[in-house]
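Listed below are the residues making up each chain.
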Amino acid sequence: MSRYLINQYQSLEAYVPGEQPQDMRYVKLNTNENPYPPSPAVIEAASREAGRLQLYSDPVCATLRDAIAGLYGVKRENVYVSNGSDDILNFAFMAFAGRGGKAYFPDISYGFYRVFGDLHGCDYRTVPLEDDFSIDPAKYHGLDGLIVIANPNAPTGMALSVDEIEGIVRTNPDHVVVIDEAYVDFGAESCVGLTAKYDNLLVVQTFSKSRSMAGARLGFAFANAGLIADLDRIKYSTNPYNVNLMTCAAGAAAIADNAYYMANCRRIEATRTDTAERLRALGFTVLPSKANFLFAKSDRVDGDTLYRELKKRGVLVRHFNTPRIRDYNRITIGTEGEMGILVSKIREILG
Ligand SMILES: *Cc1c(COP(=O)(O)O)cnc(C)c1O
C-alpha cells in the first residue's frame, strides 16, 4: 500500500480470485470455468470484429440486448449487459444500497458480496445458512435493505425454487432483491419470468459459466425498465463502452447458438451426477448441487490437506479456509476424462 491511498480503502479486503497458476498444466477444477470451448460461430464472430477494433463498441449494445431479449421473451429495455456479472453486482450495490445503506446476503455465498459491501461502505448483515447449508427463505421476508442471493448458491450449489424466491421479492416491495443466477443453466429454475410482475427484482446472469465465455467478460441482467435505467445511469457515469466490440458480437452469436450451450450444460449435469456418486462411494459428503461444481468433504482427510495433495498431483480445486466450510472443497465439473483423473488422484491420496 502506498501512503497516498485514502483512508476509506486502506482496510478494504479485496476479493481473491481462484488461482490461475502458470507453472504447469493442471486439471483445472477451481474456478468453475466450462470445460467445453465456445461454439465455432462465436469464435468466427469475435475474429470478424477484431478487424474493426479501431472503432468504439456500441454503448447501447442493441444487437446483443435484442438477441438476449428474444431468447428470454422480454424487451430490450428489460435487458442490461455489462463487463462480466461482477460489474452488474458492483453497480447494484452502488445503486441500491450505497454508503450506509443496508444490505443482506447469506453468510456463506459468493465472496464478492462482502467486498462490494465494504467497497461502497454499505451497512451489510450476513444471514446464516441452516445447518444443512440450505437457505431458509423466511429469514429474508420483510427486511429493510438490498437483498442479494445467489441461486443456486455458491459454493454450496444448492438452489431455492421460484416460489421461494417470489416470497422474498413479494415481502420486500420497498427494496431491490438481486438474484444472482450465474449457475442457473445447470439445472435450477430461473426467476427471469418474475421480473414482469415485480419492479424490485433484478436477475443477474453471466456468459462465463454455461456459455463458455469467462475470458470474454460478459454479464447480463433482467428487470423492469426502471431498474435497468438506474444501472445505465451508473454505467454512463463510469464507462459507457464497458462491453467491447468482440465480446458484443460473440455474445450475440452465443445466443444464436443456444442449443450448443444447453447441450453442453446437460452433459455437465450428467458428469456431475456421476462424479457425485463416485465421491460418495469414497466416503465423501456431497451437497445436492444444481451448479457446475460439487461441494464435498471427505470423512478421511481434511479439506486443506485434500486441496494441497491434489495440487501436488496436478489437480486444482478450490478450498475456502473460512469457518463452517473449511472441511469442504469446491470441485468444478470438467470433462468426463478430467473427473476420472480427479477420482483416481483422490483414491491415491486416501490410500
Ligand atoms: C462466477 C460468478 C459470478 C461472476 O461472473 P462473471 O460474469 O465472470 O463476472 C457472479 N456470481 C457468482 C455466484 C459466480 O459464481
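Here the structure is shown first, and the text comes after it.
Report follows, based on the coordinates. (Residues numbered from 1 in each chain as written. Predicted model: local features only at pLDDT ≥ 70, side-chain atom pairs only at ≥ 80, totals over all residues. Heavy atoms only, no water.)

## Focus: the pattern of salt bridges
Proximity of charged atoms lets side chains of opposite charge pair with each other.
Link 1 in the chain: Taken as a whole and assessed by the stated rule, the structure comprises 20 salt bridges.
Link 2 in the chain: Across the pair Asp-304 and Arg-308 runs a salt bridge whose closest N-O atoms are separated by 3.1 Å. Of this pair, Asp-304 and Arg-308 both sit in helix H10 (residues 303-312), separated by four residues, roughly a single helical turn.
Link 3 in the chain: Using a relative accessible area of 30% as the deciding quantity, one classes Asp-304 as partly exposed.
Link 4 in the chain: Given a relative accessible area of 41%, Arg-308 falls into the partly exposed group.
Link 5 in the chain: A single salt-bridge network, built from bridges that share partners, covers Glu-44, Arg-48, Glu-49 and Arg-52. (Salt bridge = Lys/Arg side-chain N within 4 Å of Asp/Glu carboxyl O. Helix = DSSP H or I, 4+ residues; strand = E, 2+ residues; numbered from the N terminus. Buried < 20%, exposed > 50% of the residue type's maximum accessible area, 1.4 Å probe, protein only.)

## Some thoughts on the side chain of Asn-242
Link 1 in the chain: Mapping Asn-242 onto the fold places it in the loop between helix H7 (225-235) and helix H8 (245-256).
Link 2 in the chain: Of note is the side chain of Asn-242, whose polar atom sits 2.9 Å from the side chain of Ser-82.
Link 3 in the chain: Setting aside anything within four residues of it in sequence, one finds Asn-242 in contact with Tyr-80, Val-81, Ser-82, Asn-83, Asp-87, Phe-91 and Lys-235. (Polar contact = N/O pair within 3.5 Å; in protein donor to acceptor, adjacent residues only side chain to side chain. Contact = heavy atoms within 4.5 Å.)

## Observations regarding the nonpolar core
Link 1 in the chain: Formed by 50 residues in total, the largest nonpolar core has its most connected members in Leu-64, Ile-68, Val-81, Phe-133, Leu-201 and Phe-207.
Link 2 in the chain: With seven residues, H8 is the single largest residue contributor to this core.
Link 3 in the chain: Split by domain, the residues of this core number at least three in each of domain 1 (19-37 + 259-350) and domain 2 (40-256).
Link 4 in the chain: Beyond its immediate stretch of four places on either side in the chain, Leu-201 contacts Val-169, Val-177, Ile-179, Cys-191, Leu-194, Thr-195, Phe-222, Ala-223 and Leu-227. (Core = buried A, V, L, I, M, F, W, Y, C linked by side-chain atoms within 4.5 Å. Domains from an automatic or database assignment.)

## Brief notes about helix H5 (residues 112-119)
Link 1 in the chain: Every buried residue of H5 is accounted for by Phe-112, Tyr-113, Val-115, Phe-116 and Gly-117.
Link 2 in the chain: Contacts made by the buried residues of H5 are with helix H4 (85-96), strand S3 (102-106), strand S4 (123-127), strand S5 (146-150) and strand S6 (177-180).

## A closer look at the pairing of S6
Link 1 in the chain: Side chains Val-177 and Ile-179 of S6 all project onto a buried face; the interleaved residues Val-178 and Asp-180 project onto the opposite face, where all are buried too.
Link 2 in the chain: By the bridge criterion, four bridges tie S5 to S6 in an arrangement that is parallel. Of the residues in S6, the one forming a bridge with Ile-149 is Ile-179. (Pairing = 2+ DSSP bridges.)

## Some thoughts on H10
Link 1 in the chain: Of the residues making up H10, those classed as buried are Gly-303, Leu-306, Tyr-307, Glu-309 and Leu-310.
Link 2 in the chain: Backbone nitrogen of Asp-304 and a side-chain oxygen of the N-cap are separated by 3.1 Å at the start of H10; the cap is Asp-302.
Link 3 in the chain: Phi for Gly-314, located one or two positions after H10, is positive at around 85°.

## Some details on the site of the ligand
Link 1 in the chain: Around the ligand, the neighbouring residues are Gly-84, Ser-85, Asp-86, Leu-89, Tyr-110, Asp-180, Ala-182, Tyr-183, Thr-206, Ser-208, Lys-209 and Arg-217.
Link 2 in the chain: In this structure, Asp-180 approaches the ligand through a side-chain N or O atom, which is 2.6 Å from a nitrogen atom.
Link 3 in the chain: Coverage of the ligand by the protein amounts to 93% of the 390 Å² it exposes when considered alone.
Link 4 in the chain: Residue contributions to the shell around the ligand peak at three residues, all from H4. (Near = heavy atom within 4 Å. Areas by Shrake-Rupley, 256 points an atom, 1.4 Å probe, with all protein chains shown as cover.)

## Quick word on the sheet that holds strand S9 (residues 285-286)
Link 1 in the chain: Taken in spatial order, the three strands make up an open sheet running S9-S10-S12, and their pairing is antiparallel. Looking at which strands have only one partner, the edges of the open sheet turn out to be S9 and strand S12 (328-332).
Link 2 in the chain: Relative to strand S10 (residues 293-297), S9 is paired through two bridges, and the arrangement is antiparallel. Within S10, the residue paired with Thr-285 across the bridge is Lys-297.

## Focus on the environment of Gly-100
Link 1 in the chain: On the secondary structure map, Gly-100 appears in the loop between H4 and S3.
Link 2 in the chain: Considered as a pair, Gly-100 and Tyr-124 are 24 residues apart in the sequence and their alpha carbons are 8.6 Å apart.

## A look at the environment of Lys-311
Link 1 in the chain: When you line up the elements, Lys-311 lands in helix H10.
Link 2 in the chain: Separated by 34 residues in the primary sequence, Lys-311 and Lys-345 place their C-alpha atoms 9.9 Å from one another.
Link 3 in the chain: Lys-311 has contacts with Glu-19, Tyr-26 and Leu-316, leaving out every residue within four places of it along the chain.

## Some details on the packing of helix H3 (residues 62-72) against H8
Link 1 in the chain: Where H3 contacts H8, the two axes come as close as 9 Å, and the packing angle between them is 20°. Between H3 and H8, the angle is such that the two are roughly parallel. The interaxial crossing formed by H3 with H8 has left-handed handedness. Residues Leu-64, Ala-67, Ile-68 and Leu-71 of H3 form the contact with H8, whose own contacting residues are Cys-248, Gly-251, Ala-252 and Ile-255.
Link 2 in the chain: For the contact of H3 with H8, the class distribution of residues is seven nonpolar, one polar and no charged. (Axes fitted to C-alpha atoms, helices over the stretch in contact; angles between N-to-C directions. Parallel < 35°, antiparallel > 145°, perpendicular 65-115°, else oblique. Left-handed = near helix turned anticlockwise from the far one by under 90°. Nonpolar A, V, L, I, M, F, W, Y, C, P; charged D, E, K, R; others polar.)

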